[in-house]
Amino acid sequence: CKGVIMLSLISVLFSACTTADHTFSAKDDEIILEQGSAIIEWSPGELVVVDVEENITFAGILTVTAVGESNLTIEQVDITDSDSGVFYIDVESTQDIVLMPDSSREFVVIVSVLDNELHQGEVRIRSNDADNRSVFVPICTFPVGYEGELHCATDEVIEDTGEE
């Protein structure tokens, strides 16, 4: 019976070693599991708010999803470039949020313009994702009747792995 247990232990050890997000090691006949990393996904890649009118409040939704093996801790979601106060997010409700793997959270960005112009800014998401400590998502508005392309001037999301 002891040989069967050892065979099962070796079988588990070898079959689990193919998992990329886990590291296994054997020490004194024990299996030690080091948890995988926290990974962030967000959508949309840019937050575009269309048909905006002056003196009317609009909102855009940014969704953050934890796709790694460990909990994703969102340290804060905030506006880093607000284009004269056009964009707003309630920072107090976006701090220290823990998302379990395969769960998501929506964040509401408020837009309030005083003119019928194009406006641009960015949302910053700070988390414990080692590869994307700070993610910057472009946000922009387009007034009613705008007939050009409906995307922010920046075509790419800027990812910064630094602390801040």
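Details of the structure are given in the entry above.
Rules behind the numbers
Residues numbered from 1 in each chain as written. Predicted model: local features only at pLDDT ≥ 70, side-chain atom pairs only at ≥ 80, totals over all residues. Heavy atoms only, no water. Salt bridge = Lys/Arg side-chain N within 4 Å of Asp/Glu carboxyl O. Helix = DSSP H or I, 4+ residues; strand = E, 2+ residues; numbered from the N terminus. Buried < 20%, exposed > 50% of the residue type's maximum accessible area, 1.4 Å probe, protein only. Pairing = 2+ DSSP bridges.

Caption draft 1: The pattern of salt bridges, seen in detail. Using the criterion set out here, one finds two salt bridges in the structure. The closest approach of N and O atoms between arginine 133 and glutamate 75, which form a salt bridge, is 2.9 Å. In this pair, arginine 133 sits in the loop between strand 10 (119-127) and strand 11 (134-143) while glutamate 75 sits in strand 6 (residues 72-81), placing the two residues 58 residues apart along the sequence. On the basis of relative accessible area, glutamate 75 is assigned to the partly exposed category, the value being 26%.

Caption draft 2: Local environment of the sheet that holds strand 3 (residues 40-43). Here we have four strands laid out as an open sheet, ordered 3-5-9-7, and antiparallel in their pairing. Either end of the sheet is taken by a strand with one partner, and the two such strands are strand 3 and strand 7 (87-88). Bridge count for strand 7 against strand 9 (residues 104-112) is two bridges, and the pairing is antiparallel. In the sheet register, phenylalanine 87 faces strand 9, and the bridge partner there is valine 111.

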